[in-house]
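Examining the three-dimensional arrangement
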Amino acid sequence: MIHFLYFDPGLGAMVVQAVIAAVAGVVLFSKNLMFKIKSLFGFSQDKNEELFDDIDVTDKDIENTENSDR
Amino acid sequence: MTDKIQHSSSFRDPSGYVFTEGNILKRQISPLYFKQYKALKESGFYQKLIKAGLLIPHKEITEDNTGVVIQPEFIPFVTYPYEWSFNQYKEAALLTLKLQKFCLDHCFSLKDATAFNVTFHKGKAIFIDTLSFDFYQDNSPWRAYKQFISHFFGPLVLAHYHGAQSLKLMHSFIDGIPVKLLSSMMPGKTKLSPFLYSNIHLLSKYEDKHSEDYKGEVNHGTLSKGAQQKIIKSLYEYIKRLKLKEASEWGDYYNKTNYTNDAFLQKEKIVNAWVKETEAKTLIDVGGNDGTFVRKIDTELKQALVCDIDNNAVDINYREVKSRKEIYMTPFVQDVLNPSASIGFNNDERFSFKERLQKFSPDITLALAVIHHISLSGNVPFNKSAEFFAAFSNYLIIEFPKREDSWVQRLLNAKSEFKGHFDFYNQENFEGEFMNYFSLEKKETIANSHRIMYLLKSKNAK
């Protein structure tokens, strides 16, 4: 694999990712739960922070011809 | 074949390198990367990334056994991480995570995550390293994770606690802020947040622990794809919500100026008319705040660079660019009194502001309400500032606030007993020194103010 020639990813950084992923799982789960509870009681998420979209690249993004060769 | 010159910033990755031929930037792909390149191309993955506006478009020029040459779309002016406003930095970080998530969905992975893989082009962040993609190896952790923390996550969290100025640290650490330093700079309370604790403090501890006993025998460990996706997603959500603590200092600058509304409009009109007259298509506004004056120009500009010392003003401009979907304006942070230097190996990897600006060579430069700051805050004599402004563009629109101006008075008063050393600051000396480098095209006084506008043509003009 070519990337082994390239740079040192840090052994500690590779090993620790298992712990970080576990924490991330809990964080995401609880955020999700809070969101559900909030919407259950009618608190809508604030829509102000719409400067950035979601992580997923949607089909719409890809079909978006605006970005190709202009 | 014309001369082929390898780009001085492109040598770290053995997969290929960037070179210029004639004046065109191209990328050589070595046989080492053929397998990946073919897979990326034939699966249509490159095309997807390009269409989604995530990766800079390229076209294949030549292909044989010794290498493939591609030509990426030209970017007129590359800005670096230490020149981004807080939200620009966020966008670059989110773009990198978005790419990694998309890569994982398609069985690829980003092999590096340096902030220098991203720049701003046509109003948004774009990934510019076409060769950063590799195959995803089942159950392997993300090799670029530490790099992401030291290039993106760390600087952003630092900026959250200590202000946007801390983003400038990247100027000193070309490979990202070391995790140990990051950990030591975080406020103690960050140890109480499981998320920050694991991504910064624990990472630093593990790195420390494993730095000594590494003989290449210890197993890297495994991490399922789902688990990696959780890391990526949690980082994305956290960064997306991250805000600066500091309030904007200059945000409402134009409400604080000593301009009357009429004077402001007159200034706008003058700038607009003169830009039109010079038929300028490219421009830099040095001290452009939130881009107000550039936006008032009604001739079509191909590219406008708007820089300012204040990260918040640049951030406001950046939000404007995004909401108006402007593709010609590039806002960035720059301190004219201490512009970005050339850094990296042989001082050649990242170019100085001056080098990039001379190459970009804008048709016209705007220097509105900056000369008194340069002269009186920076103590720069007029002959030096004239030399600076004459070095990169043909025309200069400069606004000179006279001694009587209230801002000038304020700056002079701050000098207290040394006020006498700044007697040179007057219209006569300004004109005298600037006319050594420029010829006077136009001059107009702004009514009801102590300010004069000049349109100057550089004596080195091409």
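Residues numbered from 1 in each chain as written. Chains lettered and ligands numbered in written order. Predicted model: local features only at pLDDT ≥ 70, side-chain atom pairs only at ≥ 80, totals over all residues. Heavy atoms only, no water.

1. Re the domain arrangement of chain B
Residues and elements named next belong to chain B. As far as domains go, chain B holds domain 1 (4-72), domain 2 (81-210 + 221-241) and domain 3 (253-458). Centre-to-centre separation of domain 1 and domain 2, based on C-alpha positions: 24 Å. If you look at the interface, domain 1 gives 23 residues, while domain 2 gives 22 residues. When the buried surface of domain 1 facing domain 2 is broken down by residue, Phe45, Leu54 and Ile56 rank first, second and third, together holding 31% of it. In this structure, the connection of domain 1 to domain 2 is made through 2 salt bridges. Aspartate 129 is paired through a salt bridge with arginine 27; the nearest N and O atoms lie 3.3 Å apart. Applying the counting rule to domain 1 against domain 2 returns 12 residue pairs in polar contact (both at pLDDT 80 or more). For the side of domain 1 that touches domain 2, the elements supplying multiple residues, two or more each, are β3 (24-29), α1 (34-42) and α2 (45-51). Its residues placed into classes, the side of domain 1 that touches domain 2 shows 11 nonpolar, 7 polar and 5 charged. (Domains from an automatic or database assignment. Contact = heavy atoms within 4.5 Å. Buried area = accessible area lost by both parts, 1.4 Å probe. Salt bridge = Lys/Arg side-chain N within 4 Å of Asp/Glu carboxyl O. Polar contact = N/O pair within 3.5 Å; in protein donor to acceptor, adjacent residues only side chain to side chain. Helix = DSSP H or I, 4+ residues; strand = E, 2+ residues; numbered from the N terminus. Nonpolar A, V, L, I, M, F, W, Y, C, P; charged D, E, K, R; others polar.)

2. Focus on unusual backbone geometry
All names here are of chain B. Look at asparagine 346: it is not a glycine, yet its phi comes out positive at around 60°. With respect to the element layout, asparagine 346 can be found in the loop between β12 (329-333) and α12 (353-360). Residue classification places asparagine 346 among the exposed positions, given a relative accessible area of 59%. With a phi close to 40°, serine 416 is a non-glycine residue in the positive phi region. In this structure, serine 416 sits in the loop between α15 (406-413) and α16 (427-434). For serine 416, a relative accessible area of 43% translates into the label partly exposed. (Buried < 20%, exposed > 50% of the residue type's maximum accessible area, 1.4 Å probe, protein only.)

3. Notes on the interface of chain B and chain A
When the parts of a complex come together, some accessible area is lost, and that lost area is often taken as the interface size. On the chain A side, the residues contacting the 64 residues of chain B number 40 residues. Summed over both partners, the interface of chain B with chain A buries about 5,000 Å², with 68% contributed by carbon and sulfur atoms. Between chain B and chain A we count 3 salt bridges in total. Viewed at the interface, chain A and chain B are joined by 9 residue pairs in polar contact (both at pLDDT 80 or more). At the level of elements, α2, α3 (86-105), α4 (145-162), α6 (194-212), α7 (225-241) and α11 (311-324) of chain B are the ones that each hand at least two residues to the side of chain B that touches chain A. Class assignment for the residues of the side of chain B that touches chain A results in 27 nonpolar, 12 polar and 25 charged.

4. Overview of the environment of leucine 104 of chain B
Residue and element names in this part refer to chain B. Here leucine 104 is to be found in helix α3. Residue leucine 104 is classed as buried on the basis of its relative accessible area of 0%. Taking the C-alpha atoms as reference, leucine 104 lies 9.5 Å from glycine 226; in sequence the two are 122 residues apart. Not counting residues within four places of it along the chain, the set of residues in contact with leucine 104 comprises Tyr136, Lys225, Gln228, Gln229 and Ile232.

5. Regarding the nonpolar core
Across soluble globular proteins, you tend to see nonpolar side chains buried next to one another. Judged by nonpolar contacts, the single largest core of 87 residues is most densely connected at Phe133, Trp142, Tyr145, Phe148, Ile149, Phe153 and Leu235 of chain B. Looking at which element gives the most residues to this core, the answer is α3 of chain B, with 11 residues. Ignoring anything within four residues of it in the chain, the contact list for tryptophan 142 of chain B reads Met14 and Gln17 of chain A together with Leu97, Gln100, Ser109, Leu110, Ala113, Phe148, Gln228 and Ile232 of chain B. (Core = buried A, V, L, I, M, F, W, Y, C linked by side-chain atoms within 4.5 Å.)

6. A look at the state of the cysteines
Every disulfide links exactly two cysteines, by a covalent bond between their sulfur atoms. Residues and elements named next belong to chain B. For the structure on display, the rule yields 0 disulfides over all chains. Left unpaired, cysteine 107 is separated from the closest cysteine sulfur, that of cysteine 103, by 11 Å. According to the relative accessible area criterion, cysteine 107 is partly exposed, its value standing at 43%. (Disulfide = S-S within 2.5 Å.)

7. A few points about the side chain of aspartate 310 of chain B
With respect to the element layout, aspartate 310 of chain B can be found in the loop between β11 (303-308) and α11. Within the local environment of aspartate 310 of chain B, its side chain forms a polar contact with the backbone nitrogen of alanine 313 of chain B, the two atoms lying 3.0 Å apart.

8. Let's talk about α7 of chain B
Here α7 of chain B spans 25 Å end to end across 17 residues, near enough to the 24 Å set by a 1.5 Å rise per residue. Among all positions of α7 of chain B, only Ala227, Gln228, Gln229, Ile231, Ile232, Ser234, Leu235, Tyr236, Ile239 and Lys240 of chain B are buried. (Expected span 1.5 Å × (residues − 1).)

9. Topic: the sheet that holds strand β16 (residues 451-458) of chain B
Residues and elements named next belong to chain B. One open sheet holds the 7 strands; their spatial order is β12-β11-β10-β13-β14-β16-β15, and the pairing between them is mixed. Taken across any chain shown, the strands that pair with only one partner, and hence form the sheet edges, are β12 and β15 (438-445). Across the sheet, the axes of successive neighbouring strands diverge by a mean angle of 20°, strand direction being ignored. In this sheet, β16 lies alongside strand β14 (residues 395-401) in antiparallel orientation, the contact comprising 7 bridges. Along β16, the bridge assignment pairs tyrosine 395 with lysine 457. (Pairing = 2+ DSSP bridges. Axes fitted to C-alpha atoms, helices over the stretch in contact; angles between N-to-C directions.)

10. Focus: the environment of tyrosine 80 of chain B
Along the chain, tyrosine 80 of chain B turns up in the loop between β5 (67-72) and α3. Those residues in contact with tyrosine 80 of chain B that sit more than four places away from it in its chain are Phe116, Arg350, Phe351 and Arg356 of chain B.

11. As for the sheet that holds β3 of chain B
Residues and elements named next belong to chain B. Pairing is antiparallel in the open sheet, where 5 strands are placed in the order β1-β2-β3-β5-β4. The open sheet has two free edges, formed respectively by β1 (4-6) and β4 (58-64), since each of these has just one partner strand. Averaged over all adjacent pairs, the angle separating strand axes in this sheet is 30°, with direction ignored. Here β4 runs beside β5; their pairing, made up of 6 bridges, is antiparallel. What sits directly across from threonine 62, in β5, is valine 69. Along the sheet, α1 contacts β3, β4 and β5; its crossing angle with β4, the most-contacted strand, is approximately 135°.

12. Some thoughts on empty space enclosed by the protein
Taken as a whole and assessed by the stated rule, the structure comprises 2 cavities of 30 Å³ or more. In this structure, the largest cavity spans a volume of roughly 50 Å³. What lines the largest cavity is Val27, Leu28 and Lys31 of chain A together with Phe195, Ser234, Glu237, Tyr238 and Arg241 of chain B. Contributing elements (two or more residues each) for the lining of the largest cavity: α2 (17-40) of chain A together with α7 of chain B. Element by element, the count of residues in the lining of the largest cavity is highest for α7 of chain B, at 4 residues. Residue classes in the lining of the largest cavity are distributed as 4 nonpolar, 1 polar and 3 charged. As for the second largest cavity, its lining consists of Gln88, Phe120, His121, Lys122, Gly123, Lys124, Tyr318, Val321, Met329, Thr330 and Pro331 of chain B. Going through the elements one at a time, β7 (118-121), α11 and β12 of chain B are the ones with two or more residues in the lining of the second largest cavity. (1 Å grid on protein atoms, 1.4 Å probe; cavity = no way out; pocket = protein on both sides within 12 Å on 5 of 7 lines; lining within 4 Å. Points joined across faces, edges and corners; volume = space filled by probe spheres on them.)

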